[in-house]
Amino acid sequence: MRQGILLYGPPAAGKDTITAALTKLDERYVPFTRLKIGTGKTQGYRMGTPEQLADLEARGDVIYRNGRYGNVYVVDRPGLDEAMEGGRTPVVHLGQMAGMEQVTALFPAHWVRVLLWCSKETTARRSPQRGDTDTAARLAAWDATRADLADHPRAQWELRVDTDAMAPGEAAQGVDAIVRTTSPRS
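Read on for a plain summary of the structure. The shown structure was predicted, so the numbers you read here are calculated from the model rather than taken from an experiment. (Residues numbered from 1 in each chain as written. Predicted model: local features only at pLDDT ≥ 70, side-chain atom pairs only at ≥ 80, totals over all residues. Heavy atoms only, no water.)

**Observations regarding the sheet that holds strand β5 (residues 62–68)**
Strand pairing in a sheet is mediated by backbone hydrogen bonds. Such pairs are either parallel or antiparallel.
Phase 1 of the analysis: With respect to topology, four strands assemble into an open sheet ordered β4-β3-β6-β5, the strand pairing being mixed. A single partner strand is all that each edge strand has here, and the edge strands are β4 (45–47) and β5. Taken pair by pair, the neighbouring strands of this sheet meet at an average axis angle of 30 degrees, ignoring direction.
Phase 2 of the analysis: Examined bridge by bridge, strand β3 (residues 34–37) and strand β6 (residues 71–76) share three bridges and lie antiparallel to one another. Each residue of the ladder has a partner; that of I37, found in β6, is V72.
Phase 3 of the analysis: The sheet contacts of helix α4 (residues 97–106) involve β5 and β6, and relative to β5 the element is tilted by about 170 degrees. (Pairing = 2+ DSSP bridges. Helix = DSSP H or I, 4+ residues; strand = E, 2+ residues; numbered from the N terminus. Axes fitted to C-alpha atoms, helices over the stretch in contact; angles between N-to-C directions. Contact = heavy atoms within 4.5 Å.)

Okay, here's the thing in structure tokens:
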């Protein structure tokens, strides 16, 4: 069965850093590059157009879409299919529980769900360090993520990581151990 990893958490919780650590552990781990329609940061995204989005929606290939920071971010079926080719395991970054629910419900795979968390103060410190020019918006997103999580008290997680207390390599090893013990590729 195909498999993937869902990393959920607020801005600057370490999704990129832990994904990088996972890719160093095993070449089968690959970052999933969401489709982005909008402006701003392009690294880590497949930049798209409103027309491409409309085409994906017309074909029923949008698994999840959300708007944030004035942009639209999309998890799409063709993108996930491609990311899983050759037995690869994509690492998908999400900041909304609706996205977690949509991906697990609409894209058949064994999904390992990981909650990454850090304090709001940590997000405030890390955001400008990673080059964000909109830290106030990132802090508002941190608040929204905390409220979203509180609205889903029964959410299931295979692993919870406090990135204020755990090093990225250690977190990646924990995720890898779960993937290996709960999947057919062990």
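Picking up where we left off.
**Re the pairing of β6**
Phase 1 of the analysis: With six of six residues buried, β6 lies mostly within the body of the structure.
Phase 2 of the analysis: The alternating pattern of β6 places N71, Y73 and V75 on one face and V72, V74 and D76 on the opposite face, and all of these are buried.
Phase 3 of the analysis: Of the strand pairs in this sheet, β5 and β6 are connected by six bridges, and their pairing is antiparallel. Bridged to V62 within β6 is D76.
Phase 4 of the analysis: Between β5 and β6, which pair antiparallel and follow one another directly, the connecting turn spans two residues, one of which, Y69, has a positive phi of 60 degrees. (Buried < 20%, exposed > 50% of the residue type's maximum accessible area, 1.4 Å probe, protein only.)

**As for the packing of helix α5 (residues 120–129) against helix α6 (residues 135–150)**
Phase 1 of the analysis: Contact geometry of α5 with α6 gives a least axis separation of 9 Å together with a crossing angle of 150 degrees. Put simply, α5 runs roughly antiparallel to α6. Where α5 crosses over α6, the two elements pack in a sense that is right-handed. Of α6, the residues touching α5 (which contributes K120, T123, A124, S127 and P128) are T135, R138, L139, W142 and D143.
Phase 2 of the analysis: Taken together, the residues of the contact of α5 with α6 sort by class into four nonpolar, three polar and three charged. (Parallel < 35°, antiparallel > 145°, perpendicular 65-115°, else oblique. Left-handed = near helix turned anticlockwise from the far one by under 90°. Nonpolar A, V, L, I, M, F, W, Y, C, P; charged D, E, K, R; others polar.)

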